[in-house]
Amino acid sequence: MPFALYLLGLAVFAQGTSEFMLAGLVPDIARDLGVSVPTAGTLTSGFAVGMVVGAPAAALLARRRPSRQSLLVFLGVFLAAHVVGALTPDFSVLLATRVVAALANAGFLAVGLTAATGMVAPDAKGRATAVLLGGTTLACVAGVPAGAVLGQLLGWRSAFWAVALVSAPALVAIARSVPRGPAAGGPVPRAGKELRALRRPRLLWVLCLAALVNGATFCTFTYLASLVTEVGGLGAGWVPGVLALFGAGAFAGVTAAGRLADRDVRPVLPLAGAALLAGWTALALAAGRPGVAVALAPVLGLLAFGVGSTLVTRVLYEASDAPLLGGAFATSALNVGAALGPVLGGAALDGGLGHRSPVWVSALLVAVAGLVAGCRTRRPEQPA
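The following refers to the structure shown.

Conventions adopted
Position numbers for residues count from 1 along each chain, tracking the sequence in the order it is written. pLDDT decides what is reported in this predicted model: residues at 70 or higher carry local features, side-chain atom pairs at 80 or more are listed and counted, and totals for whole chains, interfaces and linings draw on all residues regardless. Hydrogens and waters are ignored; side-chain quantities use all the structure's heavy atoms. Salt bridges are identified by distance alone: a Lys or Arg side-chain nitrogen within 4 Å of an Asp or Glu carboxyl oxygen. We count a stretch as a helix when DSSP gives it H or I for four or more residues in a row; a strand needs E for two or more, and each element gets its number in order from the N terminus. In this scheme, a residue with accessible area under 20% of its type's maximum is buried, one over 50% is exposed, and one in between is partly exposed, where area comes from a 1.4 Å probe on protein chains only. Axis definition: a line fit to C-alpha positions, over the contact stretch in the case of helices; interaxial angles, taken between N-to-C directions, run 0 to 180 degrees. Every angle not falling under 35 degrees, over 145, or within 65 to 115 is termed oblique; those three ranges are roughly parallel, roughly antiparallel and roughly perpendicular. Crossing handedness: left-handed means the near helix sits turned counterclockwise from the far one by under a right angle, and right-handed means the same turn made clockwise. Contacts are assigned to residue pairs that have any heavy atoms within 4.5 Å of one another. Two rings from Phe, Tyr or Trp (for Trp, the six-membered ring) form a pair when their centres are within 6.5 Å of each other. A pair whose planes differ by under 30 degrees is stacked, one over 60 is edge-to-face, and the rest are tilted.

Examining the pattern of salt bridges
Okay, so step 1: On inspection of all chains with the given rule, the structure shows two salt bridges.
Okay, so step 2: Residues R31 and D28 are paired through a salt bridge, measuring 2.3 Å at the closest nitrogen-oxygen approach. Linking R31 with D28, this pair stays in helix α2 (residues 22-33), spanning three residues, or about one helical turn.
Okay, so step 3: Judged by relative accessible area, which is 61%, R31 ranks as exposed.
Okay, so step 4: Taking the shortest distance from any N to any O, the salt bridge between R157 and D32 comes out at 3.5 Å.

Remarks on the packing of helix α9 (residues 201-222) against helix α13 (residues 290-318)
Okay, so step 1: The contact between α9 and α13 brings their axes to 9 Å, and the two run at 155°. Taken together, α9 and α13 sit at an angle that is classed as roughly antiparallel. In this structure, α9 meets α13 at a crossing whose hand is left-handed. Counted together, R202, L203, V206, L207, L209, A210, V213 and T217 of α9 and A304, F305, V307, G308, L311, R314, V315 and E318 of α13 form the full contact between these two elements.

What about the packing of aromatic side chains?
Aromatic ring pairs: the centre-centre distance and the angle between the two ring planes describe each pair.
Okay, so step 1: Overall, the coordinates contain three aromatic pairs when judged by the stated rule.
Okay, so step 2: Measuring from ring centre to ring centre gives 5.4 Å for W156 and F160, while their planes differ by 80°; the resulting arrangement is edge-to-face. Here F160 and W156 lie together in helix α7 (residues 156-177), a separation of four residues that amounts to about one turn. Across the pair, F160 and W156 agree in class, each one buried.
Okay, so step 3: Look at F246 and F305: their rings are 6.2 Å apart centre to centre, the planes differ by 80°, and that puts the pair in the edge-to-face class. With a gap of 59 residues between them, F246 in helix α11 (residues 239-260) and F305 in helix α13 connect regions that are remote in the sequence.
Okay, so step 4: Taking the relative accessible area as the measure of exposure, F246 reaches 4% and is therefore buried.
Okay, so step 5: Among the aromatic residues, those joined into a ring-pair cluster are F221, F246 and F305.

Below you can see the structure in the form of structure tokens.
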């Protein structure tokens, strides 16, 4: 894999830390800014909404610009938004900075996915995607737990400052190492031609599955700190460790999926989806038993991110004639789920269904994905 891919992964690590670190900071933010935990959880949804809107819009704006220039602008805006977020005492301003950071993150990831797959052979998109998304899962392993520790020791604002500091060297590295050419790596197709790719039923089907699976992941992940402490009875000091275990599993899942996704994954996905459904159900039932819940964290990280990243790669293959918007489609699908999951989990909490309820919602979302997949695969004229 080209070295520039790993530099893109460094930037994605900073961005993934920002997106995921709220799983360990939501209770502290709620207390500090005087809002409820579900309200603080909307910071995750706001970020995801910005990603959904920003990915296609940013990809269209950046379509005729050098990939390096676009990546630097997006990462610079992302860094500045975190500086403002770390300084503000107002929740509405913090929410606005999350949306701005998400717009920049979406643009970076959409261009980055396209640039990454353009740097490798046509049959190596899965491995290139795994390198880039590896930054996200490493954020779960190291960045998110570190953010939780910083939040406990120095306050939640210190985690925002840390993300800004990590983004700075990534800016320098990208400026020196990413190629100057367009993200597509060749002639830029017309926007209308690329947008027509969205009309393909099979592409829409894969996008729907990616959104549902990611929604399930974020529904529980956003409220994982509350689940561990309120249901599991563990102290707040356990939260970074549980997050790290989940992230370690996620990294293993993305790495394995990167090698499998370049092959025919139709026999694997149904089994992995069924295992993921069983895992969410088991966590919902066993959350009150700390040992079992902790043991399930890496397993669920592996399954959730393994299935999710495989679906992202399938989007890129299905949208191969839309090289600039393919990454945007994948980014938007993931973040439709990332926006929907915390909202549904927060609604379950607000409805008085208890701290286990987001996990049950996750199980339900994966079950719906299984039904969608089953209906599609029974149509022989359009195989999955």
